[in-house]
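Survey of secondary and tertiary structure
Read off the chains here:
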Amino acid sequence: MSFYAVFGNPVAHSRSPQIHALFAEQQGLPIRYERILTTQACFQAAVTQFFAEGGQGANITVPFKTEAFARADTLSPRAQAAGAVNTLCLCPDGKIFGDNTDGIGLVRDIVQLNGFSLNNQRILLLGAGGAARGVLQPLLAEKPISLTIANRTLEKAKQLAHDFDTAYSSFSELSAQTFDVIINATSGSLSGDLLPISDTVLAKSQLSYDMMYAAKPTLFLEHAAEQGCPLCLDGLGMLVSQAAASYSLWRGFEPDVQTVLKELRKELEKDISA
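Scope of this entry: the structure provided in the associated data block. In this text the structure is predicted, and so the values were computed from the model without any measurement. (Residues numbered from 1 in each chain as written. Predicted model: local features only at pLDDT ≥ 70, side-chain atom pairs only at ≥ 80, totals over all residues. Heavy atoms only, no water.)

Before going further, it helps to spend a moment on the side chain of Glu67. Here Glu67 lies in helix α3 (residues 65-71). Buried charge Glu67 goes without a salt bridge, the closest partner of opposite sign being Lys65 at 11 Å. Polar side-chain contacts of Glu67 include one of 3.2 Å to the side chain of Gln40. Ignoring anything within four residues of it in the chain, the contact list for Glu67 reads Gln40, Phe43 and Gln44. (Helix = DSSP H or I, 4+ residues; strand = E, 2+ residues; numbered from the N terminus. Buried < 20%, exposed > 50% of the residue type's maximum accessible area, 1.4 Å probe, protein only. Lys, Arg positive; Asp, Glu negative; His and termini not counted. Salt bridge = Lys/Arg side-chain N within 4 Å of Asp/Glu carboxyl O. Polar contact = N/O pair within 3.5 Å; in protein donor to acceptor, adjacent residues only side chain to side chain. Contact = heavy atoms within 4.5 Å.)

Dropping the structure here:
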């Protein structure tokens with residue numbers, strides 16, 4: 001039976017085993033998929049051991065995406081652009097291939113699952129950390145009119161914008177601008193931190209997207225909806241879509257994302273009513 005895993009710390013909360021089991025069920029070929037808890041000091045050895053024991057592919061979550069980047073023997077262009085890897089794959093020649101499917105997961109959720117084109121849109125990306133860097137290349141590939149990076153620390157936004165040849169802004173300067181799409185790539189929703197964005201900016205947008213997800217709308221999405229944003233999406237579709245891209249890379253099978261997404265959404269709704 002094919003063997004896969006997700007490496008992280010923490011990792012007990014990961015939905016990856018369930019998601020990939022549902023993909024395998026669609027394909028009609030059972031797989032073994034485990035969570036592997038490790039540390040930064042032990043990560044490289046743990047990955048080497050995993051592949052030596054028959055592992056064929058792995059998902060990488062926080063905080064090991066840069067370590068996985070260093071571990072890969074070859075890299076996809078989007079992994080090179082992101083400077084991070086969330087998917088490792090054993091090649092026939094024994095080498096380890098590293099990819100980053102986060103950005104393609106985000107784009108597929110917005111464009112394919114929700115029918116919202118990013119082409120010719122003015123995009124605002126909030127945050128300048130690894131999550132933001134990981135999605136920039138696929139977002140720019142959709143050919144928006146503009147993409148602006150905003151961050152509390154302006155220097156970080158400036159550096160990231162320079163790396164991808166795009167625009168940057170401080171939060172305070174956003175009120176004078178108009179954006180069609182606002183994507184929250186910060187961890188603010190985890191800490192309950194409301195970002196200092198003008199209500200006017202949110203009100204003018206057509207799509208507000210939070211890369212985080214929860215049983216209830218995140219604080220960011222809740223606030224965007226209150227300002228009248230017509231489409232507010234959380235990151236659950238991104239999670240399933242990036243997993244599907246990993247699965248396809250490993251097994252040459254394109255899973256039905258919508259079916260799995262509905263299953264996970266039902267479980268979240270049960271959490272609310274429980």
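So, next bit.
For the rest of this paragraph, the subject is the sheet that holds strand β2 (residues 31-37). The six strands are arranged β2-β1-β3-β5-β6-β4 in an open sheet whose pairing can be described as mixed. Unpaired on one side and paired on the other, β2 and β4 (74-75) mark the two borders of the sheet. For strand β1 (residues 2-8) and strand β3 (residues 55-60), the ladder comprises five bridges, and the chain directions are parallel. When the sheet's bridge partners are listed, Phe3 is paired in β3 with Gly55. The strands that helix α1 (residues 16-27) touches are β1, β2 and β3; relative to β2, the one it contacts most, it runs at about 170°. Running at roughly 145° to β3, helix α2 (residues 43-52) makes contact with β1, β2, β3, β5 (87-90) and β6 (96-99) of the sheet. (Pairing = 2+ DSSP bridges. Axes fitted to C-alpha atoms, helices over the stretch in contact; angles between N-to-C directions.)

This paragraph deals with the pattern of salt bridges. Taken as a whole and assessed by the stated rule, the structure comprises eight salt bridges. Between Asp99 and Arg78 there is a salt bridge whose closest N-O contact spans 2.8 Å. Of this pair, Asp99 sits in strand β6 while Arg78 sits in helix α4 (residues 77-82), placing them 21 residues apart in sequence. Residue classification places Arg78 among the partly exposed residues on the basis of a relative accessible area of 26%.

A few words now on unusual backbone geometry. Following Asn9, the chain continues to Pro10 via a peptide bond in cis, the omega torsion being 5°. Mapped onto the secondary structure, Pro10 falls in the loop between β1 and α1. Unusually for a residue other than glycine, Asn120 sits at a positive phi of about 60°. Phi is positive for Asp165, which is not a glycine, with a value near 55°. Along the chain, Asp165 turns up in the loop between α7 (154-164) and β9 (167-169). A residue is classified by how much of its surface remains accessible, and Asp165, at 74% relative accessible area, is exposed.

Purely geometric numbers; function is a separate question.
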